[in-house]
Amino acid sequence: AQSVTQLDSQVPVFEEAPVELRCNYSSSVSVYLFWYVQYPNQGLQLLLKYLSGSTLVKGINGFEAEFNKSQTSFHLRKPSVHISDTAEYFCAVSANNNDMRFGAGTRLTVKP
Amino acid sequence: DAMVIQNPRYQVTQFGKPVTLSCSQTLNHNVMYWYQQKSSQAPKLLFHYYDKDFNNEADTPDNFQSRRPNTSFCFLDIRSPGLGDAAMYLCATRSRRAPTDTQYFGPGTRLTVL
């Protein structure tokens, strides 16, 4: 079975600063990796996904993530955050897309 | 342009009183999922339908049931809600055309149990 660990439960950062949200996974088979964002009282919205190919994946809202197989990581980055990026971010892993496992989430708070 | 619709967005029920949450989709996706998300926790898969085939997670309580009368609709029935069932319930869909397709989530229904 697959599992996901999000290393930071909360990340406070000032507006226009860079941010990295960390995600590590474990699996005995090849996996697909995802980052979702959840705004208060809303469902999950896909930011980006890694399926195969280039290890650097670009998503919406200026986010990107890098798949590192040797370190089993899929960290999410943004070079300059906005107040509107304040939300909960979930990393997820799936081996067959029918069994998606989510991390516990990282609450990103962007301060002015 | 709503693709995955959940009704109601907020539901209040009493301890032990059955409640039904609704999900509909305009995507014509074969696969539909129900997740439970408690406060400050990750979404947890309860079950999913692959077309009409029902797949229950091993640790989903018997108190939770689901129905999928057609491709577009899926219902979550909680037969006797307890205080511990208060959570956000998320519906998601996926097309089975390619295994790498993404799950599309609805906005969720927040259930309060009094």
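Scroll up a little and you will see the structure.
Residues numbered from 1 in each chain as written. Chains lettered and ligands numbered in written order. Predicted model: local features only at pLDDT ≥ 70, side-chain atom pairs only at ≥ 80, totals over all residues. Heavy atoms only, no water.

J.: Which residues make up the interface of chain A and chain B, and what values do they have?
T.: In this complex, chain A contributes 19 residues to the contact, which on the side of chain B involves 26 residues. Summed over both partners, the interface of chain A with chain B comes to about 1700 Å²; 47% of that surface belongs to carbon and sulfur atoms. Summed over the shared surface of chain A and chain B, the number is one salt bridge. A salt bridge links B:Glu57 to A:Arg101, with the nearest nitrogen and oxygen atoms 3.7 Å apart. Across the contact surface, chain A and chain B share two residue pairs in polar contact (both at pLDDT 80 or more). (Contact = heavy atoms within 4.5 Å. Buried area = accessible area lost by both parts, 1.4 Å probe. Salt bridge = Lys/Arg side-chain N within 4 Å of Asp/Glu carboxyl O. Polar contact = N/O pair within 3.5 Å; in protein donor to acceptor, adjacent residues only side chain to side chain.)

J.: An account of the pattern of salt bridges is needed here, citing residue identities and associated values.
T.: All names here are of chain A. Overall, the coordinates contain nine salt bridges over all chains when judged by the stated rule. With its nearest N and O atoms 3.0 Å apart, the salt bridge here joins Glu88 to Arg107. On the criterion of sequence distance, the pair formed by Glu88 in strand 10 (residues 87–94) and Arg107 in strand 12 (residues 106–111) is long-range, its members being 19 residues apart. A residue is classified by how much of its surface remains accessible, and Glu88, at 10% relative accessible area, is buried. Each of Glu20, Glu66 and Arg77 takes part in a single network of salt bridges with overlapping partners. (Helix = DSSP H or I, 4+ residues; strand = E, 2+ residues; numbered from the N terminus. Buried < 20%, exposed > 50% of the residue type's maximum accessible area, 1.4 Å probe, protein only.)

J.: Which residues make up the sheet that holds strand 7 (residues 64–67) of chain B, and what values go with them?
T.: Residue and element names in this part refer to chain B. The strand order across the open sheet formed by four strands is 1-3-8-7, and the pairing between neighbours is antiparallel. On the outer flanks of this sheet lie strand 1 (4–7) and strand 7, each paired with one strand and no other. Pairs of neighbouring strands in the sheet enclose a mean axial angle of 20°, with direction left out of account. Pairing geometry for strand 1 and strand 3 (residues 19–25), over four bridges, is antiparallel. The residue bridging Gln6 from the neighbouring strand is Cys23, located in strand 3. (Pairing = 2+ DSSP bridges. Axes fitted to C-alpha atoms, helices over the stretch in contact; angles between N-to-C directions.)

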